[in-house]
Amino acid sequence: MRLVFILGDQLTRGISSLDGIDPARDVVLMVEVAAEATYVRHHKQKLVLILSAMRHFAEELRAEGIRVDYVRLDAPENRQDFCAELARAVARHLPEAVVVTHPGEWRVLQLMQGWSEALGLPVEIRDDDRFLCQPAEFARLTTAGKTGRMEYFYREMRRRTGLLMEGAKPVGGKWNYDAENRKALPRGHRAPKRKRFAPDAVTAEVMTLVETRFADHFGTLDQFGWPVTRTEALLALDDFLRVALPSFGDWQDAMQAGEDFLYHSLIAPALNIGLLTALEVAAAAEREYLEGRAPLNAVEGFIRQVIGWREFVRGIYWTEMPGYAQTNALNATRPLPSFYWTGDTRMRCIAEVVRGTRENAYAHHIQRLMVTGNFALLAGIAPAEIEAWYLAVYADAFEWVELPNVHGMVAHADGGRLGSKPYAAAAAYIGRMSDYCRGCGYDAKARTGRNACPMNFLYWNFLITHQARFGKNPRMALPYKALAAMGKGERAAITAEAEAFLAKMKTPEAEPPAQISMPW
Ligand SMILES: Cc1cc2nc3c(=O)[nH]c(=O)nc-3n(C[C@H](O)[C@H](O)[C@H](O)COP(=O)(O)OP(=O)(O)OC[C@H]3O[C@@H](n4cnc5c(N)ncnc54)[C@H](O)[C@@H]3O)c2cc1C
Ligand code: SF4
């Protein structure tokens, strides 16, 4: 008899740990655990999503005749730690072996590797074959030459999957249509309404549990609408393909106040907990192009995110950890300002992204990268502080994908492993790609002066501070040329304004204590 331990982000019927399960003998173990003071305080919607999806998945396995031992968060005997819960389950079932799928977090893998000795049993850790590229293969592909960058890795994934390929050549003759995907939205544009899912009885019960037990966590539940079953996730995917994919490319980088989802897929939460797989969503998007319902720039752009970026950041995570998280190439040490939690700032771009994040546990890529991420980079927020925020506030946040995006792409803390230049921008970028600046109290055009936009003086201050590192980077030649053309007086004013602004920035009195640790 084997005990198959399924974690909260492994809710896939085809998960490798379920391969060869014998319903007559084997038992599936699933546990909901709250541990004190060990982890970030997850957004309430993220907790509801995972707990509800776990409960639904357990019922689906039971309906197939599989025995599931499910330990609820509020079970009196629950020891609220998933190693302790595994040990209790081993004592209950006396299995000959434990089977698990490779987890999504380095810390959890370390724990798993100690289970065999701790439990006195064989513990089989199987590859997570929902991903296209396993870590060892990633290391092989990216060590030599050009393939160390995402673009070349992505091409390899296209060849390997055959997605958007005509023999050995990319469909349409180009690998990448990104240049067509940077349009700003017309003024007042309204995106189509998206399919959301009203909570069923299981979700409603979990919502009550979360509201009671984690009342002081960030976020609201009023607009919870995430799919919590595979059936719902497939409906959400279908909705995206029909109403949003054709415009996904054009408006991929655009932002607009009050438009929280625009033409994005909203599938990351479902994808990351296992309700959908990367290959099936990429193949579904390809079908839309092949059958003439979506243009190539949109479909290629979407597929690049799913089989390119998503696989690439996972490869970086597993091949660079644990040292990766410890790097801090730009020596950023400032604490996270409190407006990341409250949204209480005159900077309209940040206030708007924090509002959407609080209401939906979601912000799209450019909001994460070029608004909250950009500010954190320019202000020199300590990587660990900003990482903890991203990990807590987004429904799709799991360390394997959150960490490289924040540590590498946003904070440039890895010294350029993920991106050859930092994603730093002044207000001109935000003004071009959104309507935020139009309704903002700051002057987006001013670099210095009483009402100058902080993104401006912080941007130039960032360039001044890190001139030794980036001054010779060919991809940053233009801004450094503009900096060189500035007078000494203006440079001094920029530095003074940036220092004064940063000194006044409020930080949370004390980081709220962590309360919950989930087994993902
Ligand atoms: C600072 C920062 C933090 C992020 N943290 C996370 C995170 O914790 N979890 C997460 O899944 N994504 C993260 N991303 C990537 C991306 O922003 C989200 O995947 C995306 O916003 C999710 O919304 P969507 O499903 O509507 O995506 P879409 O815009 O519709 O994109 C389609 C899919 O492509 C994949 N994808 C796109 N960009 C990336 C990327 N850079 N890395 C990995 N996958 C990508 C996702 O699976 C996404 O669902 C982060 C990006 C940044 C800049
Ligand atoms: S003016 Fe500056 S702070 Fe205001 S929305 Fe634009 S970029 Fe943000």
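Residues numbered from 1 in each chain as written. Chains lettered and ligands numbered in written order. Predicted model: local features only at pLDDT ≥ 70, side-chain atom pairs only at ≥ 80, totals over all residues. Heavy atoms only, no water.

Novice: An account of the overall build of the protein is requested, with residue identities and associated values reported.
Specialist: A count of helical and extended segments in the protein gives 21 helices and seven strands. Its C-alpha atoms give the protein a radius of gyration of 23 Å, within 12% of the compact-globule value 24 Å for 520 residues. Dimensions of the protein, computed from the C-alpha atoms along their principal axes, are close to 80 × 60 × 45 Å. A burial count over the protein gives 59% of its 520 residues as buried. Looking at the protein as shown, the accessible area adds up to about 20700 Å², and 53% of this sits on carbon and sulfur atoms. For the protein, the separation between the mean place of its 62 positive charges and that of its 62 negative charges on side chains is 8 Å. (Helix = DSSP H or I, 4+ residues; strand = E, 2+ residues; numbered from the N terminus. Rg over C-alpha atoms; globule rule 2.2 N^0.38 Å. Buried < 20%, exposed > 50% of the residue type's maximum accessible area, 1.4 Å probe, protein only. Areas by Shrake-Rupley, 256 points an atom, 1.4 Å probe, with all protein chains shown as cover. Lys, Arg positive; Asp, Glu negative; His and termini not counted. Charge placed at Lys NZ, Arg CZ, Asp CG, Glu CD.)

Novice: Let's hear about the site of ligand 2: which residues, and what values?
Specialist: With respect to spatial proximity, the complete set of residues near ligand 2 consists of M347, C349, A427, I430, Y436, C437, C440, Y442, A444, C453 and M455. Residues of the shell around ligand 2, tallied by class, amount to 11 nonpolar, no polar and no charged. (Near = heavy atom within 4 Å. Nonpolar A, V, L, I, M, F, W, Y, C, P; charged D, E, K, R; others polar.)

Novice: Explain the site of ligand 1 residue by residue, including any values.
Specialist: For ligand 1, the set of nearby residues contains 30 residues, the closest of which are H264, S265, L266, N272 and Y362. Between Q305 and ligand 1, the recorded distance is 3.2 Å, taken from a side-chain N or O atom to a nitrogen atom. Considering ligand 1 on its own, with 810 Å² of exposed area, one finds that the protein chains cover 99% of that surface. Elements supplying a minimum of two residues to the shell around ligand 1: α8 (268-273), α10 (296-320), α14 (365-379) and α16 (399-410). Taken together, the residues of the shell around ligand 1 break down into 19 nonpolar, seven polar and four charged. (Polar contact = N/O pair within 3.5 Å; in protein donor to acceptor, adjacent residues only side chain to side chain.)

Novice: If you had to explain helix α21 (residues 488-504) to someone new, which residues and values would you point to?
Specialist: Relative to the 24 Å expected for 17 residues at 1.5 Å per residue, α21 spans 25 Å between its end C-alpha atoms, a close match to the ideal helical length. The set of residues buried in α21 consists of I494, A498, F501 and L502. Burial along α21 is one-sided: seen end-on, the buried residues are contained in an arc of 95 degrees. Away from the buried face of α21 by more than 90 degrees, exposed residues K488, G489, E499, A503 and K504 are located. The inward-facing, buried residues of α21 contact α14 and α18 (454-465). (Expected span 1.5 Å × (residues − 1). Arc of directions from axis to C-beta. Contact = heavy atoms within 4.5 Å.)

Novice: Let's hear about unusual backbone geometry: which residues, and what values?
Specialist: Each neighbour pair has its own omega, and for M321 with P322 the value is 5 degrees, a cis peptide bond. Position of P322 relative to the elements: it lies in the loop between α10 and α11 (323-326). The phi dihedral of L94 falls on the positive side, at around 45 degrees, and the residue is not glycine. As for its placement among the helices and strands, L94 is situated in the loop between α2 (82-93) and β4 (97-101). L94 gets classed as exposed once you look at its relative accessible area, which sits at 67%. Positive phi values are uncommon outside glycine, yet L266 reaches one of about 60 degrees.

Novice: So, the pattern of salt bridges: which residues are in play, and what are the values?
Specialist: Tallied over the full model, the rule gives 36 salt bridges. Where E211 meets K44, a salt bridge forms, and the shortest distance between an N and an O atom there is 3.3 Å. Placement of the pair is E211 in helix α6 (residues 201-213) and K44 in helix α1 (residues 44-63), with a sequence separation of 167 residues. Owing to a relative accessible area of 36%, E211 belongs among the partly exposed residues under this scheme. Here R417 makes a salt bridge to E320, at a shortest N to O gap of 3.3 Å. Of this pair, R417 sits in the loop between α16 and α17 (427-433) while E320 sits in helix α10, and the two are 97 residues apart along the sequence. The exposure class of E320 is partly exposed, given its relative accessible area of 30%. It is possible to trace a salt-bridge network through shared partners that takes in R158, D178, R182, E300 and R304. (Salt bridge = Lys/Arg side-chain N within 4 Å of Asp/Glu carboxyl O.)

Novice: Describe the pairing of β4, and please don't skip the residues or the numbers.
Specialist: The two faces of a sheet get side chains in turn, since along a regular strand they alternate between them. Across the five residues of β4, five count as buried, placing the element largely inside the fold. Side-chain alternation along β4 places A97, V99 and T101 on one buried face and V98 and V100 on a second face that is also buried. Bridge count between strand β1 (residues 2-5) and β4: four bridges; the pairing is parallel. What sits directly across from V4, in β4, is V99. As judged from the four bridges shared by β4 and strand β5 (residues 123-126), these two strands associate in the parallel manner. (Pairing = 2+ DSSP bridges.)

Novice: So, the pairing of strand β2 (residues 27-31): which residues are in play, and what are the values?
Specialist: Counting buried residues in β2 gives five out of five residues, a clear majority hidden from the surface. Of the two faces of β2, the one lined by V27, L29 and V31 and the one lined by V28 and M30 are each fully buried. Pairing between β1 and β2: three bridges, direction parallel. By the bridge assignment for β2, L3 is matched with V27. Where β2 and strand β3 (residues 67-71) come together, five bridges link them in parallel fashion. When the sheet's bridge partners are listed, V28 is paired in β3 with V68.

Novice: Give a detailed account of the sheet that holds β5, specifying residues and quantitative values.
Specialist: Taken in spatial order, the five strands of this open sheet run β3-β2-β1-β4-β5, and their pairing is parallel. A strand with exactly one partner marks an edge of an open sheet, and here the two such strands are β3 and β5. Taking each pair of neighbouring strands and ignoring which way they run, the sheet shows an average axis angle of 25 degrees. Set on the sheet, α1 makes contact with β2 and β3; between it and β3 the angle comes to about 155 degrees. In the packing of helix α3 (residues 106-119) onto the sheet, contacts are made with β1, β4 and β5, and the angle to β5 comes to roughly 155 degrees. (Axes fitted to C-alpha atoms, helices over the stretch in contact; angles between N-to-C directions.)

Novice: Describe in detail helix α5 (residues 150-161), supporting the description with residues and values.
Specialist: Between its first and last C-alpha, α5 extends 16 Å over 12 residues, near the 16 Å set by a 1.5 Å rise per residue. Of the residues making up α5, those classed as buried are M150, E151, F153, Y154, M157 and R158. For α5, the angular spread of the buried residues around the axis is 160 degrees, confining them to a single face. Looking one or two places after α5, you find G162, whose phi comes out positive at around 75 degrees.

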